[in-house]
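Descriptive structure summary
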Amino acid sequence: GSLLINTINNDIRASVTDSTVTTGGSVTIDARDTSVIVSIAGGVAVSLGDAPAAGASVSYNLISNTIESYIDNAAVVTQGAATDIVVAATSTATLVAIALGIAVAGGNFALGGSLTVNSIANTIRSYIRNSVEVRSVRDIRVLAADRATLVAIAGGVGVSMGQTAVGAAIAYNY
């Protein structure tokens, strides 16, 4: 059998804080999360004699990041003809989990199973606060986006040439 535990927990911040920024060009404050977990768990058991066989795999995967982009207690002014202010926080986290349990018994018992629990639980914030002057010739954009991808494949196979065989799989994503 196998047990896999994978976690990513980061704080990703981009900010203009307690300062004054005046520029002839655009201002972009951008925090990005591109976390990736690829988890492959497997368990194999084979018994062609009298003994039972059990193969199992368990996988737990978590991406839990804080992604923030902000202007706080600052003045930000763009003065050019085609200038913008962009405050953006985005996540394109990817989690792929594959779990497979296989058992083959030549007699009375075989059990193959897998369990995979997967979560992308990011906190994504983008804001402007406590700032007396934030001014642009064109646009001021404040964006927060979560474009996470979560793929889970779980399988359980039990083969018995006798009386008992069990195959089970559970994939839980939250």
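Below: a short report on this structure.

About the thresholds
Residues numbered from 1 in each chain as written. Predicted model: local features only at pLDDT ≥ 70, side-chain atom pairs only at ≥ 80, totals over all residues. Heavy atoms only, no water. Buried < 20%, exposed > 50% of the residue type's maximum accessible area, 1.4 Å probe, protein only. Helix = DSSP H or I, 4+ residues; strand = E, 2+ residues; numbered from the N terminus. Pairing = 2+ DSSP bridges. Core = buried A, V, L, I, M, F, W, Y, C linked by side-chain atoms within 4.5 Å. Axes fitted to C-alpha atoms, helices over the stretch in contact; angles between N-to-C directions. Contact = heavy atoms within 4.5 Å. Polar contact = N/O pair within 3.5 Å; in protein donor to acceptor, adjacent residues only side chain to side chain. Phe/Tyr/Trp six-rings, centres within 6.5 Å; stacked < 30°, edge-to-face > 60°.

Thoughts on the pairing of strand β8 (residues 75-78)
Neither face of β8 is left uncovered, since the one carrying A75 and V77 and the one carrying V76 and T78 both have all their residues buried. Pairing between strand β3 (residues 20-23) and β8: 4 bridges, direction parallel. Bridge assignment links T22 to a residue of β8, and that residue is V77. As judged from the 3 bridges shared by β8 and strand β13 (residues 133-135), these two strands associate in the parallel manner. Bridge pairing in β13 places V76 opposite V134.

Looking at the nonpolar core
Grouped together as the largest cluster of nonpolar side chains are 14 residues, with contacts concentrated most on I29, I67, I71, V76 and I85. Secondary structure elements with two or more residues in this core: β2 (11-17), β4 (27-33), β7 (66-72) and β9 (85-91).

A look at the sheet that holds β7
Within the open sheet, the 3 strands sit side by side as β2-β7-β12. Their pairing is parallel. Looking along the sheet, the strands with just one partner apiece sit at the ends: β2 and β12 (123-129). Geometrically, the sheet is characterised by an average inter-axis angle of 5° between neighbouring strands, direction not taken into account.

Re the environment of I170
Looking at the element boundaries, I170 is found in strand β16 (residues 166-173). Here the alpha-carbon distance between I170 and G155, two residues 15 residues apart in the chain, equals 7.7 Å.

Points about the environment of S126
Mapped onto the elements, S126 comes out in strand β12. Along the chain, S126 and Y70 lie 56 residues apart, while their C-alpha atoms are 5.5 Å from each other. If we ignore the near neighbours within four places in the chain, the residues touching S126 are S69, V87, A88, A89, V142, L143 and A144. For S126, the side chain forms a polar contact with the main-chain oxygen of S69, separated by 3.5 Å. A polar atom in the side chain of S126 sits 2.8 Å from the backbone oxygen of V87.

Regarding the sheet that holds β13
What the 3 strands build is an open sheet, ordered β3-β8-β13; its pairing is parallel. The open sheet has two free edges, formed respectively by β3 and β13, since each of these has just one partner strand. Adjacent strand axes in the sheet meet at a mean angle of 10° when their direction is disregarded.

Points about the packing of aromatic side chains
Enumeration according to the criterion identifies 2 aromatic pairs in this entry. Between Y70 and Y127, the ring centres sit 5.0 Å apart and the planes meet at 0°, which makes this aromatic pair stacked. Taken together, the residues Y70 in strand β7 and Y127 in strand β12 connect sequence positions 57 residues apart. An identical accessibility class is assigned to Y70 and Y127; each is buried.

Quick notes on the side chain of T116
Note on placement: T116 falls in strand β11 (residues 110-120). Relative accessible area serves as the criterion here: at 0%, T116 is assigned to the buried category. Every residue in contact with T116, bar those within four places of it in the chain, is listed here: S59, N61, A97, A99, A152, A154, I170, A171 and Y172.

A word on the environment of E68
Mapped onto the elements, E68 comes out in strand β7. Counting along the chain gives 22 residues from E68 to T90, while the straight-line C-alpha distance between them is 8.5 Å. Leave out the neighbours within four places in its chain, and E68 touches I12, R13, A14, A31, A89, R125 and Y127.

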